[in-house]
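A closer look at the structure
Below are the chains, spelled out letter by letter.
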Amino acid sequence: MTTYTARPIGPTALKELRSTDDAGRPAVPFTDDEGGAPLRCCLRRSEPGERIALVSYAPLRRWAGETGAEPGAYDEQGPVFVHADDCTGPATGAYPFTEARRTVRRYSAEGRILGGRLVEVPDAASSRAFEDAFTEAFADPAVALVHVRAVEYGCFLYEVRRP
């Protein structure tokens, strides 16, 4: 059981990204012949043969648009894979993409980075390690949300908001 919710990219943002991404470029769908791409729309890995797109996404900017925050220089955009067409979203409430080291980056209500934590447990205990990282983050009342990111490239994987 998980206490916190891994949030995929929302339906409104997905609709926009499938047309024009956050860098102003048109989405270019392709068939993923190999599979394994981390899909941020349904929080699972792609299957061979699925139609996906690699788009530029600005998660903090989109969150700030909802909340009125001003992230300033902390507004980042980067590459994410999404299905080229609508999908059903996450199938489970489990934490996704726990098979490798991840960074849990903390943000204030103003959109400023407040630090983070490296989660290094890519095994059966990794779900507990992520739960602990989220609990630790939200124990600080200044933390409004966290981003889970890949360590090697810094890519955004998903967001967790304060319960």
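Now for a description of the structure that goes with this document. (Residues numbered from 1 in each chain as written. Predicted model: local features only at pLDDT ≥ 70, side-chain atom pairs only at ≥ 80, totals over all residues. Heavy atoms only, no water.)

1. Some remarks on the nonpolar core
F134, V146 and Y158 are the most contacted members of the largest nonpolar core, which has 19 residues in total. Counting only elements with at least two residues in this core, the list comes to α3 (126–138), β8 (143–150) and β9 (156–161). Considering every element that reaches this core, the biggest residue donor is α3, with 6 residues. In this structure F134 touches Y4, Y95, V104, V146, V148, Y158 and V160, once residues within four positions along its chain are discounted. Membership of the second largest hydrophobic core comes to 16 residues, among which are L17, A37, L39 and C41. (Core = buried A, V, L, I, M, F, W, Y, C linked by side-chain atoms within 4.5 Å. Buried < 20%, exposed > 50% of the residue type's maximum accessible area, 1.4 Å probe, protein only. Helix = DSSP H or I, 4+ residues; strand = E, 2+ residues; numbered from the N terminus. Contact = heavy atoms within 4.5 Å.)

2. Some thoughts on the pattern of salt bridges
Counting across every chain of the model gives 17 salt bridges. Across the pair E66 and R161 runs a salt bridge, and its minimum N-O distance is 3.0 Å. Of this pair, E66 sits in helix α2 (residues 59–67) while R161 sits in strand β9; the two residues are 95 residues apart in sequence, bridging distant segments of the chain. According to the relative accessible area criterion, R161 is partly exposed, its value standing at 22%. Residue E99 is joined to R102 by a salt bridge in which the shortest nitrogen-to-oxygen separation is 3.4 Å. The class for E99 is partly exposed, based on a relative accessible area of 42%. Since its relative accessible area comes to 5%, R102 is described here as buried. (Salt bridge = Lys/Arg side-chain N within 4 Å of Asp/Glu carboxyl O.)

3. Details of the layout of surface pockets
Looking at the largest pocket, its volume works out to about 230 Å³. Counting only elements with at least two residues in the lining of the largest pocket, the list comes to α1 (11–17), α2 and β9. The element best represented in the lining of the largest pocket is α2, accounting for 4 residues. As a volume, the second largest pocket reaches approximately 150 Å³. (1 Å grid on protein atoms, 1.4 Å probe; cavity = no way out; pocket = protein on both sides within 12 Å on 5 of 7 lines; lining within 4 Å. Points joined across faces, edges and corners; volume = space filled by probe spheres on them.)

4. Topic: unusual backbone geometry
Backbone geometry at L43 places phi at a positive 55 degrees, although glycine is not the residue there. Inspection of the secondary structure puts L43 in the loop between β2 (38–39) and β3 (44–45). Of note, F97 is a non-glycine position whose phi angle comes to about 55 degrees, a positive value.

5. Remarks on the packing of aromatic side chains
If you walk through the whole model with that rule in mind, you get 5 aromatic pairs. Each ring, one from Y4 and one from F138, has its centre 5.5 Å from the other, and the planes form 25 degrees; the classification is stacked. Here the residue Y4 occupies a position in the segment before α1, and F138 occupies one in helix α3, the gap between them amounting to 134 residues. Residue classification places Y4 among the buried positions, given a relative accessible area of 9%. With centroids separated by 6.3 Å and ring planes inclined at 55 degrees, the aromatic side chains of F130 and F134 adopt a geometry described as tilted. Of this pair, F130 and F134 both sit in helix α3, separated by 4 residues, roughly a single helical turn. For the pair F130 and F134, one class covers both residues: buried. Taken together, Y4, Y95, F130, F134 and F138 form an aromatic cluster joined through their ring pairs. (Phe/Tyr/Trp six-rings, centres within 6.5 Å; stacked < 30°, edge-to-face > 60°.)

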